[in-house]
Amino acid sequence: MKQINFTLNGKPVSLELQGQESLLTVIRIYLEQTGTKYGCGLGECGACTVLIDNEAVRSCMILAEDIEGKEIISIEGLSSDGELHPIQKAFISHDALQCGFCTSGMIMNAYGFLLQNPNPSREKIIVGMESNLCRCGAYNRIVDAIETAGKEMPKKVKL
Amino acid sequence: MKSAIKSEAAYSRRRFIKNLGGGVVVVFCLGEVSFSSLFAQDGQPLEELDFNAYLRVKEDGRIDCFTGKIEMGQGIITSLAQVVAEELEVSIYDVDMIMGDTELCPYDAGTWGSLTTRFIDPVLRAAAAEAREVLLDLAAEHFGMNKTSLEVIQGVVSVKNDSSKKITYAELSKGKKIVRSLTKKPELKKAKDFKLIGKPIRSLDAEAKVTGKAKYSGDIFLPGMVHATIVRPEVFGSKKVKVDASKLSDFAGVQLVEKDDLVAVVHSDPEVSQRAAKSIKIAWEAPIAKANQETIFQYLEDTIQDNKVFESEGSLQLGEETSKVYRKATYHDGYKAHASIETHVATCYFEGDKVTIWASTQSPFGTRSSVAKALQMPLEKVHVKQIFLGGGFGGKSNSQQSIEAATIAKLCGKPVQLVWSRKEEFMYDNFRTAAVVKVAGGTDNNGKLKVWDFDIYCAGTRGTELFYAIPNKRIRSFNQAGVHPFGTGAWRAPGNNTTTFARESHIDVVAHAAGMNPLDFRLNNLENKEMIATLQLAAKTFGYDKEKKPGHGYGIALGQDAGTLVAMIAEVFVDKETGEVQPIRIVCSQDMGQVVNPHGATLQTEGGITMGIGYALYEEIEFNGGEMKTTNFNRYEITRFSKTPKIECVFIDKMDAKPQGGGEPAIICVGAAIANAIFDACGARVYRMPITPERILDALS
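Note that this is a predicted model, so its numbers are computed, not measured.

A.B. asks: How would you sum up the overall build of chain A? Please name residues and give values.
C.D. replies: Helix and strand counts for chain A come out as five helices and five strands. When the helices and strands of chain A are placed in sequence order, the string is β-β-α-β-β-β-α-α-α-α. For chain A, whose C-alpha radius of gyration is 15 Å, the value lies close to the compact-globule estimate of 15 Å for 159 residues. If one aligns the C-alpha atoms of chain A with their principal axes, the spans along those axes are about 45 × 30 × 25 Å. Taking all 159 residues of chain A together, the buried fraction comes to 57%. Considering only contacts in chain A between residues 6 or more positions apart, those separated by 24 or more positions represent 62%.

A.B. asks: I'd like to hear about the overall build of chain B, residue by residue, with values.
C.D. replies: Counting its secondary structure elements, chain B contains 17 helices and 29 strands. Rg of the C-alpha trace for chain B: 27 Å, near the compact-globule value of 27 Å for 701 residues, within the 12% margin. Within chain B, buried positions represent 54% of all 701 residues. Residue pairs in contact within chain B that sit at least 24 positions apart in sequence constitute 78% of those at least 6 positions apart.

A.B. asks: Now, about the domain arrangement of chain B: what can you tell me, with residues and values included?
C.D. replies: On domain assignment, one finds that chain B holds domain 1 (2–210), domain 2 (217–286 + 344–419) and domain 3 (296–335 + 431–700). The class makeup of the residues in the side of domain 1 of chain B that touches domain 2 of chain B is seven nonpolar, six polar and five charged.

A.B. asks: Just give me the short version of the interface of chain A and chain B, but keep the residues and values in it.
C.D. replies: With 41 residues of chain A in contact, the opposing surface of chain B contributes 45 residues. Looking at the side of chain A that touches chain B, the elements that each hand over two or more residues are α1 (23–30), α2 (86–93), α3 (103–116), α4 (122–129) and α5 (139–156) of chain A. Grouping the constituent residues of the side of chain A that touches chain B by class yields 21 nonpolar, 13 polar and seven charged.

A.B. asks: Now, about unusual backbone geometry: what can you tell me, with residues and values included?
C.D. replies: Residues and elements named next belong to chain B. Met689 connects to Pro690 through a cis peptide bond whose omega is -5°. Relative to the helices and strands, Pro690 resides in the loop between β29 (688–689) and α17 (693–700). In this structure, Gln154 takes a positive phi of about 50° despite not being glycine. Topologically, Gln154 is positioned in the loop between β5 (150–153) and β6 (156–159). Residue classification places Gln154 among the exposed residues on the basis of 12 C-beta atoms within 10 Å.

A.B. asks: Go over helix α12 (residues 496–513) of chain B with me, naming the residues and quoting the values.
C.D. replies: All names here are of chain B. Between the first and last C-alpha of α12 there are 25 Å, a value that for 18 residues agrees with the 26 Å anticipated at 1.5 Å per step. The buried fraction of α12 amounts to 16 of the 18 residues, a majority that puts the element mostly inside the structure. Phi turns positive, to about 75°, at Gly515, one or two residues after α12.

A.B. asks: Give me the lowdown on the domain arrangement of chain A, citing residues and values where you can.
C.D. replies: Residues and elements named next belong to chain A. Partitioning chain A into domains gives domain 1 (2–77) and domain 2 (86–156). For domain 1 and domain 2, the distance between their C-alpha centres works out to 21 Å. With 14 residues of domain 1 in contact, the opposing surface of domain 2 contributes 14 residues. Those elements giving two or more residues to the side of domain 1 that touches domain 2 turn out to be β3 (49–52) and β4 (55–58).

A.B. asks: Describe the sheet that holds strand β25 (residues 581–591) of chain B, naming the residues involved and giving the relevant values.
C.D. replies: Residues and elements named next belong to chain B. If you trace the four strands from one edge of the open sheet to the other, you get β23-β24-β25-β28, paired in mixed fashion. The open sheet terminates on both sides in strands that have one partner only, identified here as β23 (552–561) and β28 (646–651). Taking each pair of neighbouring strands and ignoring which way they run, the sheet shows an average axis angle of 15°. Bridge count between β23 and strand β24 (residues 564–574): ten bridges; the pairing is antiparallel. Bridging from a neighbouring strand, Gly555 pairs with Ala570 of β24. Most of the contacts of helix α15 (residues 598–617) go to β28, to which it runs at about 130°, and overall it touches β25 and β28.

A.B. asks: Go over the confidence of the model for chain B with me, naming the residues and quoting the values.
C.D. replies: Residue and element names in this part refer to chain B. Confidence in the prediction for chain B averages 93 pLDDT; 93% of positions are at 70 or higher. Low pLDDT (under 50) marks residues 31–50, which in the prediction has 30 contacts with non-local residues, meaning those over four places away or in another chain. Here the complex is predicted with pTM 0.95, and the ipTM for its interfaces comes to 0.97.

A.B. asks: A description of the nonpolar core should follow, citing residues and the corresponding values.
C.D. replies: Residues and elements named next belong to chain B. Grouped together as the largest cluster of nonpolar side chains are 241 residues, with contacts concentrated most on Leu55, Val84, Leu124, Met568, Ala673, Ile674 and Ile678. The biggest single contributor to this core is helix α3 (residues 116–143), with twelve residues. Ignoring sequence-local partners within four residues, the contact set of Ala673 consists of Gly555, Ile556, Ala557, Met568, Ile569, Ala570 and Ile586. In this structure, Ile507, Val510, Ala511 and Phe521 belong to the second largest nonpolar core, which totals seven residues.

Rules used throughout
Residues numbered from 1 in each chain as written. Chains lettered and ligands numbered in written order. Predicted model: local features only at pLDDT ≥ 70, side-chain atom pairs only at ≥ 80, totals over all residues. Helix = DSSP H or I, 4+ residues; strand = E, 2+ residues; numbered from the N terminus. Rg over C-alpha atoms; globule rule 2.2 N^0.38 Å. Buried ≥ 20, exposed ≤ 12 C-beta atoms within 10 Å, placed from the backbone. Contact = placed C-beta atoms within 7 Å. Domains from an automatic or database assignment. Nonpolar A, V, L, I, M, F, W, Y, C, P; charged D, E, K, R; others polar. Expected span 1.5 Å × (residues − 1). Pairing = 2+ DSSP bridges. Axes fitted to C-alpha atoms, helices over the stretch in contact; angles between N-to-C directions. pLDDT = per-residue confidence, 0-100. Core = buried A, V, L, I, M, F, W, Y, C linked by C-beta atoms within 7 Å.

Rendered as structure tokens:
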């Protein structure tokens, strides 16, 4: 067992871990932040996407020992001071979800993508989101939402 | 069955009234009223209906609406609130939906078959209308005036022409406990008076879902809870011979649970329970493989002997003799997974002899009875709680994971969470069945269909009633229990995706052989006026007469499901060198009667079409007998962002009609619309789904 230190949504966390646990288990089970979802366990679906140092990753594929000193953001950390993030607002206004199970991962992947690609084209959004799966079929609306958020984000968020 | 439903309904009603707080309550229960048949629609046997509803106007003026249905993304949490708000004259945001909790909600068999809007909706409207009348009676008494001189706006009753005299629903309900059972059909609003029905309303649960706050079965954590991992065989249907759990001592704190073929380990840390489970070696006796994904079709044809004639008229021989053009073909469709992003999950705990379960199930009441039966407990000792589902599509209709979780919880004496892995999901999903459809069709010199012979293996007859006028026809359904190497079950519009693919592909085959274009050929043979109007709306919206770009093709498919008529036109691009298909756009026109929430109906249609592209082009389970080769999304391609075409949904305007199904119908036409568009684009007629690049290149060579 070893001590692993990182921040989750801005708060410092220190856990006694083996190191081989997945980041998904750390977030969902040990820290009980359940907005991040298990979908496949192989990094194939994107439901577990979170940000590590502002980069979107599949938390099911990350080992706990590799998050030492990192800044992690999950869906719970996206809104600030009770106000929804522009991506969350756009997902609501475009109704870019149905069952909602892929939604956290979609939003986090979109967040990581928009941080790297402000105000992107639809074509670029599709490439950036391609590896996230939605079985309910909300893809077109998700692209619409990211397009809207891409225009809003630079106004509200420091890039 | 019917009496069982009655007794469950009566039980839940008694319990509901007993636990009731104050306010105005309207109760509707199947079997306790004589007018239930008024709500039945053509062709729906009454015993399949279970439209119970409770509605409570609380003392704070908010409305609790109780239904046994569940929310899995299909949007009824919004559309049901919408109809209640309409009849009660309140804001939709004052309605709280309480769904699928077996101790709070009225009995319901399950959320499937696109039944909710067709059957629960009219009942909730009736209950809401009755509640409105009760509140108006109270207001009339309060003001000492006749009810007809009052009006309600947003939960406030006022005297017409005297706005100073008003009283809220909250004030009227305060200190009251009025329980009404519906005994006559109340007066429902006419379409011309609708304020909410027919208006687009965005999903009411969206904010909970974009913030990660929405709770699913795996998001429940209980004090002292352990995570269970079940040791599974590699082959479906295997029987346990011998268990070697000697390595389990390497894992501190794990507990072994064993009952019959169920072997599981539990630990407070899921990572530990998963590793510990891997250390257990079980010798299994596996059933002998009889088919794989290539041989299954011949196997089904050879094995199944029993058939039932579903529809028959005239003489097939006469039809063939009078046909100028006569074509036969056999269509194949492989097994498909439901592939919800949420796997099957159950979290449960025992308190004394009673178990409480949160489960991803489309049938909370079915889960209650299955768990009670499996664990030999009385029904009232099993409580299934309300929870969101991360997708269902028919795949969460059974109760296996709940029985497993409850069994493990009972044996280990701790609260248990069981989350199926994606690999387990790909073994115990009750797949959409593989199927064979043998079709023969012919036309005379005028392009009129004279004969139709349609033999269906395994896909059933849902939606196969012919809407084309054909004098000589026969539809037979071949099926046999236990013929599949693993479980099969309902998959969004069961069977209808496969049979619509076969019928509408073959209509095109015959049309082309007769030298007619597929649109004219269909219009020439349709007898159902509503279907003609639906197809014409699709063709007009699509611009079917527009010129195509090189390599592009258009494809039409018609179908019917859950009372709704569907006409779909797809445009695709096919790369002739690689066989790759790019869906470009799809227009879907539907006659679904009254469209309660056009926005919600659009979401369902878009979703169905997007999902449908997966079964048409990519999805196929690979297996050898019960041994699954497909174990995760890396071997099971579903539709992605880049393959989603532009989608346009249009509805026939029928606001005074009864609402019909919306969750399933659109998806049934995707296979044939894509297949026909591929043929139009490149001349490849592919008779097997998924229509892969290899199959397109084979058809071209």
